[in-house]
Amino acid sequence: MIEHNLQHTLSLLTRTPAALNALLRDLPETWTSRNEGEDTWSAFDVVAHLIHGEQTDWMPRARMILQFGETRTFESFDRLGHVQESQGKSLVQLLDEFARLRSENLGELRALNLRQEDLARRGRHPALGVVTLSQLLATWAAHDLTHLHQISRIMAHQYRETVGPWSAYLGVLQCAGHSSP
C-alpha cells in the first residue's frame, strides 16, 4: 500500500482538467450527452459534478479541518447539486470552468504550505465521522480517477452493441459502474 504523498496528489489533481479536455473537447454531443441508462450520468454531467465539488467540497472541507478541526461537521455534499448549475451551459464552458476552479483551488492548497502535522489534522464528515486532511486530499485524487474511469465507461457503453462478440474481451464493457446517483 502506498502512503499518501501530497506532491503526488497535487501532480494528479493538476492533470485532471487537461485529461478531460483532451478526451471531451470538440467531440460530437452524442458522445458527451448520452448516458448508460435511467438514473445515470453523461460525460457532461460528470464534468458538471466535478465543478460542483470544486466549489463546495474539497477546499471548503480542507479549510474547515484547518480552522475548526473536529468541532464542526462538514456540510453534506449534494451529489446532484450540479444539475441546476449546469443548465444552459455548453460542455466547452464546463471544461473551461473546471480548469479555472481547479487551478484556483490547487493554488490555494499550495499556498497553505501544509506540513505532515497539518495532514494529520482531523475533521468530521457527516456520514463517515472523523477523517484526516490527508484522507480528504487522497480522496480528492481518487475521486478524479473514479470519474475519469466513469467517463470512459459511459463512452464505451455507446458501442456496447456495435462491437459485437468482442464485448466479452473489453473490460470497460463488463464494468457495471457506479453512475446512479
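Residues numbered from 1 in each chain as written. Predicted model: local features only at pLDDT ≥ 70, side-chain atom pairs only at ≥ 80, totals over all residues. Heavy atoms only, no water.

## With respect to the overall build of the chain
Inference 1: The secondary structure content of the chain amounts to 9 helices and 2 strands.
Inference 2: Secondary structure elements in the chain, listed N-terminal to C-terminal, are α-α-α-α-α-α-α-β-β-α-α.
Inference 3: Computed over the C-alpha atoms, the radius of gyration of the chain is 18 Å, within 12% of the 16 Å expected from 2.2 N^0.38 for a compact globule of 181 residues.
Inference 4: Along the first, second and third principal axes, the C-alpha atoms of the chain reach 55 × 40 × 30 Å.
Inference 5: Sorting the 181 residues of the chain into buried and exposed places 40% on the buried side.
Inference 6: The long-range share in the chain, meaning contacts at least 24 apart out of those at least 6 apart in sequence, stands at 75%.
Inference 7: Split by element, the accessible area of the chain, about 10,200 Å² in all, is 53% carbon and sulfur. (Helix = DSSP H or I, 4+ residues; strand = E, 2+ residues; numbered from the N terminus. Rg over C-alpha atoms; globule rule 2.2 N^0.38 Å. Buried < 20%, exposed > 50% of the residue type's maximum accessible area, 1.4 Å probe, protein only. Contact = heavy atoms within 4.5 Å. Areas by Shrake-Rupley, 256 points an atom, 1.4 Å probe, with all protein chains shown as cover.)

## A look at the confidence of the model for the chain
Inference 1: The predicted model of the chain averages 93 in pLDDT, with 96% of residues at 70 or higher.
Inference 2: For the chain, helix α5 (residues 82-86) is the element with the lowest average pLDDT, namely 85, and helix α6 (residues 91-111) is the one with the highest, namely 98. (pLDDT = per-residue confidence, 0-100.)

## Digging into the layout of surface pockets
Inference 1: When its volume is computed, the largest pocket comes out at roughly 540 Å³.
Inference 2: Forming the boundary of the largest pocket are 25 residues, of which D57, W58, R79, T139 and H143 lie nearest the centre.
Inference 3: Of all elements in the fold, only α4 (58-68) and α8 (133-157) reach the threshold of two or more residues within the lining of the largest pocket.
Inference 4: In terms of residue count, the dominant contributor to the lining of the largest pocket is α8 (9 residues).
Inference 5: A per-class count over the lining of the largest pocket returns 9 nonpolar, 12 polar and 4 charged. (1 Å grid on protein atoms, 1.4 Å probe; cavity = no way out; pocket = protein on both sides within 12 Å on 5 of 7 lines; lining within 4 Å. Points joined across faces, edges and corners; volume = space filled by probe spheres on them. Nonpolar A, V, L, I, M, F, W, Y, C, P; charged D, E, K, R; others polar.)

## Regarding the pattern of salt bridges
Inference 1: This structure, assessed with the given rule, holds 12 salt bridges.
Inference 2: As a salt-bridge pair, K89 and E97 come within 3.1 Å of each other at their nearest N and O atoms.
Inference 3: Classification of E97 by relative accessible area gives buried; the value is 15%.
Inference 4: D144 is the salt-bridge partner of R102, the closest N and O atoms lying 2.7 Å from each other. Of this pair, R102 sits in helix α6 while D144 sits in helix α8, placing them 42 residues apart in sequence. Considered together, R102 and D144 belong to a single accessibility category, that of buried residues.
Inference 5: If you follow the salt bridges from partner to partner, you end up with E54, R102 and D144 in one network. (Salt bridge = Lys/Arg side-chain N within 4 Å of Asp/Glu carboxyl O.)

## Focus: the packing of aromatic side chains
Inference 1: A full pass over the atoms with the stated rule returns 2 aromatic pairs.
Inference 2: Ring geometry for W31 and Y159: centres 5.2 Å apart, planes at 90°, overall edge-to-face. A residue pair is termed long-range when its members are at least 10 positions apart, and W31 in helix α2 (residues 29-33) and Y159 in the loop between α8 and α9 (171-174) qualify at 128 residues.
Inference 3: Taking relative accessible area as the criterion, W31 reaches 22% and is therefore assigned partly exposed.
Inference 4: Over the ring of F68 we find R72; its NZ or CZ atom is 4.3 Å from the centre of that ring. (Phe/Tyr/Trp six-rings, centres within 6.5 Å; stacked < 30°, edge-to-face > 60°. Lys NZ or Arg CZ within 6 Å of the ring centre and 35° of its normal.)

## Structural notes on α6
Inference 1: A rise of 1.5 Å per residue sets the reference length of α6, with its 21 residues, at 30 Å; its end C-alpha atoms lie 30 Å apart and thus fit the reference within 8%.
Inference 2: Looking one or two residues past α6, N113 carries a phi angle of roughly 45°, positive in sign. (Expected span 1.5 Å × (residues − 1).)

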